[in-house]
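The primary structure of each chain is shown beneath.
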Amino acid sequence: GAGVSQSPSNKVTEKGKDVELRCDPISGHTALYWYRQSLGQGLEFLIYFQGNSAPDKSGLPSDRFSAERTGGSVSTLTIQRTQQEDSAVYLCASSLESRETQYFGPGTRLLVL
Amino acid sequence: DAKTTQPNSMESNEEEPVHLPCNHSTISGTDYIHWYRQLPSQGPEYVIHGLTSNVNNRMASLAIAEDRKSSTLILHRATLRDAAVYYCILRGSSGSARQLTFGSGTQLTVLP
């Protein structure tokens, strides 16, 4: 079946611009996660959604970062006023329930010039 | 989640078995041991997980020490496609954290 998909696969933007990254989780998965991976670094947790519960935003690095999940399915990660240090691969994962196996998408490679 | 320690890198020859170690001396009784791997330019993928008993699946085997303070991921016949960063992660069955906490992992190089 279809896995987790993310779009765009690559995004180049100028410093100060806003960007939106999209994640389509596996159908029926109630939990959705955003991570980011900077060049040569490990994966860093950003935010977690579970069903209709309030999201866990504890990993968001600043108030320029926000995310929403509409209808319990598609999620959008928004970065406002992008900075060069935001350049990274942004990965989305979903799982059937929380604490279940996470399935990752291919990521969006963001480059802020 | 408790911390894990893995070697930074390992090499293996193609078609030979690979044993990837992980130390987790502070593991709690309810922590599951998970392994994910990340192939170049891809997102991580689940490999295997276990609690106390050794586990086998189509991708690998997981050998868990009797005291659970260490575990070993076993690839029975390494292929070039197995070259990846392998992450050993502990996941509690309770508590507030739902996300995976990735360490630096082990970079596996498979030599032809």
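So, a few notes on the structure that sits alongside this text. (Residues numbered from 1 in each chain as written. Chains lettered and ligands numbered in written order. Predicted model: local features only at pLDDT ≥ 70, side-chain atom pairs only at ≥ 80, totals over all residues. Heavy atoms only, no water.)

Below, the discussion takes up the overall build of chain B. Counting its secondary structure elements, chain B contains zero helices and nine strands. Each helix and strand of chain B, placed in order from N terminus to C terminus, yields the pattern β-β-β-β-β-β-β-β-β. In summary, chain B has a C-alpha radius of gyration of 13 Å against a globular reference of 13 Å for 112 residues, a match within 12%. With the C-alpha coordinates aligned to their principal axes, the bounding extent of chain B is approximately 45 × 30 × 25 Å. Here the analysis covers contacts within chain B between residues at least 6 apart in sequence; of these, 57% occur between residues at least 24 apart. Accessible area of chain B: about 5,700 Å², with a carbon and sulfur share of 47%. Put simply, chain B has 9 plus and 10 minus side-chain charges, and the middle of one group is 8 Å from the middle of the other. (Helix = DSSP H or I, 4+ residues; strand = E, 2+ residues; numbered from the N terminus. Rg over C-alpha atoms; globule rule 2.2 N^0.38 Å. Contact = heavy atoms within 4.5 Å. Areas by Shrake-Rupley, 256 points an atom, 1.4 Å probe, with all protein chains shown as cover. Lys, Arg positive; Asp, Glu negative; His and termini not counted. Charge placed at Lys NZ, Arg CZ, Asp CG, Glu CD.)

Time to look at the pattern of salt bridges. Working definition: two side chains of opposite charge can pair if their charged atoms are close together. Residues and elements named next belong to chain B. Going through the model one piece at a time under the given rule, you end up with seven salt bridges over all chains. A salt bridge links Arg77 to Glu15, with the shortest nitrogen-to-oxygen separation between them at 3.3 Å. Here Arg77, found in the loop between β7 (70–75) and β8 (84–91), pairs with Glu15, found in the loop between β1 (9–13) and β2 (18–23); they are 62 residues apart in sequence, far enough to count as distant. You can call Arg77 exposed: its relative accessible area is 53%. For Glu15, a relative accessible area of 52% gives the class exposed. A salt bridge links Glu45 to Arg37; its shortest N-O distance comes to 2.7 Å. When its relative accessible area of 29% is taken as the criterion, Glu45 is described as partly exposed. A single salt-bridge network, built from bridges that share partners, covers Arg37, Glu45 and Asp82. (Salt bridge = Lys/Arg side-chain N within 4 Å of Asp/Glu carboxyl O. Buried < 20%, exposed > 50% of the residue type's maximum accessible area, 1.4 Å probe, protein only.)

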